[in-house]
Amino acid sequence: MNASLAPSWLREHYERVDANDFAYLGGRFTDDVEVRFGNRPAAIGKEAVSATLADVHRPFRSSVHRFVDIWQQGHSTLIAFDVTYAMNDGSEVRIETFTILERRGELIKNMKVYIDEGPLRDR
């Protein structure tokens with residue numbers, strides 16, 4: 001999929017994810033945001049989400065999300081990704097992921113990331 005076909009808010013969000021710009025990301029969540037990442041327990045609220053995302057990003061320096069497909073219905077956006085992770089040991093890991101985002105206004109209120117974190121942790 002051509003990334004330019006993705007809504008601008010979505011492109012910007014994942015550009016900031018790839019840059020590990022947690023300050024920006026924290027401002028894009030509602031106060032009562034809920035995030036489920038892989039098999040981890042739900043993180044509820046900006047502080048818990050920030051801690052979870054920092055832990056998720058710990059084993060890699062950066063990531064590149066390539067949009068494979070996007071579906072939008074109302075306030076929900078579903079995204080299939082091909083993600084390449086630049087690991088702290090210098091290697092690269094590629095994982096297919098799927099994310100469901102629900103927004104309230106311009107902010108994300110719920111995010112579910114379906115991923116097998118094993119390849120990121122088995123290093």
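About the criteria used
Residues numbered from 1 in each chain as written. Predicted model: local features only at pLDDT ≥ 70, side-chain atom pairs only at ≥ 80, totals over all residues. Heavy atoms only, no water. Helix = DSSP H or I, 4+ residues; strand = E, 2+ residues; numbered from the N terminus. Rg over C-alpha atoms; globule rule 2.2 N^0.38 Å. Contact = heavy atoms within 4.5 Å. Areas by Shrake-Rupley, 256 points an atom, 1.4 Å probe, with all protein chains shown as cover. Lys, Arg positive; Asp, Glu negative; His and termini not counted. Charge placed at Lys NZ, Arg CZ, Asp CG, Glu CD. Pairing = 2+ DSSP bridges. Axes fitted to C-alpha atoms, helices over the stretch in contact; angles between N-to-C directions.

What should I look at first to understand the overall build of the protein in this one?
A count of helical and extended segments in the protein gives four helices and six strands. When the elements of the protein are put in sequence order from the N terminus, they spell out α-α-β-β-α-β-β-β-β-α. Taking 14 Å as the expected radius of gyration for a compact globule of 123 residues, we find that the protein reaches 14 Å, a close match to that expectation. Taken along the three principal axes of its C-alpha coordinates, the protein extends 40 × 35 × 25 Å. Within the protein, contacts between residues at least 6 apart in sequence are counted, and of these 48% link residues at least 24 apart. Total accessible area on the protein stands at roughly 6,700 Å², and carbon and sulfur atoms take up 48% of it. On the protein, the mean spot of the 16 positive side-chain charges and the mean spot of the 19 negative ones are 2 Å from each other.

What is the right way to look at the sheet that holds strand β2 (residues 43-44) in this model?
Hydrogen bonds between backbone groups are what pair the strands of a sheet, and the pairing can be parallel or antiparallel. With respect to topology, six strands assemble into an open sheet ordered β2-β1-β6-β5-β4-β3, the strand pairing being mixed. Looking at the sheet topology across the chains shown, the edges are occupied by β2 and β3 (60-73). The pairing of β3 with strand β4 (residues 76-87) spans 12 bridges and is antiparallel. For aspartate 69, the partnering residue across the bridge sits in β4 and is alanine 80. Helix-sheet contacts for helix α1 (residues 8-18) involve β3, β4, β5 (92-104) and β6 (107-114), and the interaxial angle to β3 is about 160°. Sitting on the sheet, helix α3 (residues 46-57) touches β1 (29-37), β2, β3 and β6, and the angle it makes with β1 is about 40°.

What's the story with the environment of histidine 57 in this structure? I'm lost.
On the secondary structure map, histidine 57 appears in helix α3. Placed 27 residues apart in sequence, histidine 57 and threonine 84 show a C-alpha to C-alpha distance of 13 Å. In this structure, histidine 57 is in contact with Val17, Asn20 and Phe22, ignoring residues within four places of it in sequence.

Mind showing me how you'd approach the pairing of β1 here?
Across a regular strand the side chains alternate sides, sitting on one face of the sheet and then on the other. Judged from the five bridges that link them, β1 and β6 form a sheet pairing that is parallel. Looking at β6, one finds that valine 35 is bridged to methionine 111. For β1 and β2, the ladder comprises two bridges, and the chain directions are antiparallel. Note on β2: the bridge partner recorded for valine 35 is alanine 43. Connecting β1 to the next strand, β2, in antiparallel fashion are five residues, including glycine 38 with a positive phi near 55°.

Where do I start with unusual backbone geometry in this structure?
Glycine aside, a negative phi is what most residues show, and trans is what most peptide bonds show. Backbone geometry at asparagine 20 places phi at a positive 55°, although glycine is not the residue there. Its place among the elements puts asparagine 20 in the loop between α1 and α2 (22-26).

I keep staring at the environment of glycine 45 and nothing clicks. Help me out?
Tracing the chain through its elements places glycine 45 in the loop between β2 and α3. Taking the C-alpha atoms as reference, glycine 45 lies 23 Å from threonine 97; in sequence the two are 52 residues apart.

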